[in-house]
Amino acid sequence: MKPEEVAEKLTPIQTFSLLLARAGGGSQIRGKLWLQKEMFLLSRAIPQLGSELSYEASLKGPMSEALEWDVDQLVSVDLLHHEERQ
């Protein structure tokens, strides 16, 4: 599948997750909690993203199950890679 075709199928959540993952030269995301917090900040500035993420309060701060699901989908199709911390 061509990159343009893949891009057309991505949700806004997936698009912004990939942009964050590639920011700073494509270095690793600092972790799931960091991604949740960064996406929360983006959702405050981008109304469309905020309505799709549906953040809920948690002990660690705002959390979105939609973000976790979309990131898992990106991992399953090899667009993002998840590495376990040792």
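In this text, all values refer to a predicted model and were calculated from it rather than measured experimentally. (Residues numbered from 1 in each chain as written. Predicted model: local features only at pLDDT ≥ 70, side-chain atom pairs only at ≥ 80, totals over all residues. Heavy atoms only, no water.)

Participant: Can you help me understand a negative patch on the surface in this one?
Facilitator: Negative charge collects at one region of the surface, where E56, E65, E68 and D72 lie side by side. You can see D72 is positioned in helix α5 (residues 65-76). (Patch = residues over 30% accessible without salt bridge, like charges linked within 9 Å, V, L, I, M, F, W, Y side chains within 5 Å. Areas by Shrake-Rupley, 256 points an atom, 1.4 Å probe, with all protein chains shown as cover. Salt bridge = Lys/Arg side-chain N within 4 Å of Asp/Glu carboxyl O. Lys, Arg positive; Asp, Glu negative; His and termini not counted. Charge placed at Lys NZ, Arg CZ, Asp CG, Glu CD. Helix = DSSP H or I, 4+ residues; strand = E, 2+ residues; numbered from the N terminus.)

Participant: Help me out: how do you make sense of helix α3 (residues 32-45) in this one?
Facilitator: Residues lying three or four places apart along an α-helix face the same way, a consequence of the helix completing one turn every 3.6 residues. Look at α3: 20 Å from first C-alpha to last across 14 residues, which is about the 20 Å you get at 1.5 Å a residue. Those residues of α3 that are buried are in contact with α2 (12-22), α4 (47-53) and α5. (Expected span 1.5 Å × (residues − 1). Contact = heavy atoms within 4.5 Å.)

Participant: Just to check I follow, could you spell out the packing of aromatic side chains for this structure?
Facilitator: Working definition: an aromatic ring pair is given by the centre-to-centre distance plus the angle between the planes. Per the stated rule, a full pass over the model turns up one aromatic pair. Considering the side-chain rings of F40 and Y55, the 5.1 Å spacing of their centres and the 80 degrees angle between planes classify their relative orientation as edge-to-face. Placement of the pair is F40 in helix α3 and Y55 in the loop between α4 and α5, with a sequence separation of 15 residues. Residue classification places F40 among the partly exposed residues on the basis of a relative accessible area of 23%. (Phe/Tyr/Trp six-rings, centres within 6.5 Å; stacked < 30°, edge-to-face > 60°. Buried < 20%, exposed > 50% of the residue type's maximum accessible area, 1.4 Å probe, protein only.)

Participant: Could you clarify how one ought to interpret the nonpolar core in this entry?
Facilitator: In summary, soluble globular proteins display a tendency toward joint burial of nonpolar side chains. Counting 13 residues, the largest nonpolar core has I13, L35, M39, L53, L67 and L80 as the members making the most contacts within it. Listing elements by their share of this core, those giving two or more residues are α2, α3, α4 and α5. Considering each element in turn, this core owes the most residues, four residues, to α2. Beyond its immediate sequence surroundings of up to four residues, I13 is in contact with M39, L49, E52, L53, A66, L67 and D70. (Core = buried A, V, L, I, M, F, W, Y, C linked by side-chain atoms within 4.5 Å.)

Participant: Got a minute to help me understand α2 in this structure?
Facilitator: Of the residues making up α2, those classed as buried are I13, Q14, S17, L18, L20 and A21. Relative to the axis of α2, the buried residues are bounded by an arc of 160 degrees and lie together on one face. Check the buried side of α2 and you find it contacts α1 (3-9), α3, α4 and α5. (Arc of directions from axis to C-beta.)

Participant: In this structure, what is going on with the environment of A45? I would like to understand it.
Facilitator: Within the secondary structure, A45 sits in helix α3. Using a relative accessible area of 62% as the deciding quantity, one classes A45 as exposed. On a C-alpha basis, the gap between A45 and K2 in space is 30 Å, while along the polypeptide they are 43 residues apart.

Participant: What exactly am I supposed to notice about the side chain of S43 here?
Facilitator: Note that S43 resides in helix α3. Within polar-contact distance, the side chain of S43 engages the backbone oxygen of F40 at 2.6 Å. Apart from residues lying up to four places away in sequence, S43 is in contact with L49, G50, L53 and Y55. (Polar contact = N/O pair within 3.5 Å; in protein donor to acceptor, adjacent residues only side chain to side chain.)

Participant: I would appreciate a short explanation of the confidence of the model for the protein chain in the present structure.
Facilitator: Any residue range with low pLDDT should be treated as having predicted coordinates unsuitable for detailed reading. Mean pLDDT over the protein chain stands at 85; residues scoring 70 or higher make up 91%. Ranking the elements of the protein chain by mean pLDDT puts α1 last with 81 and α3 first with 92. (pLDDT = per-residue confidence, 0-100.)

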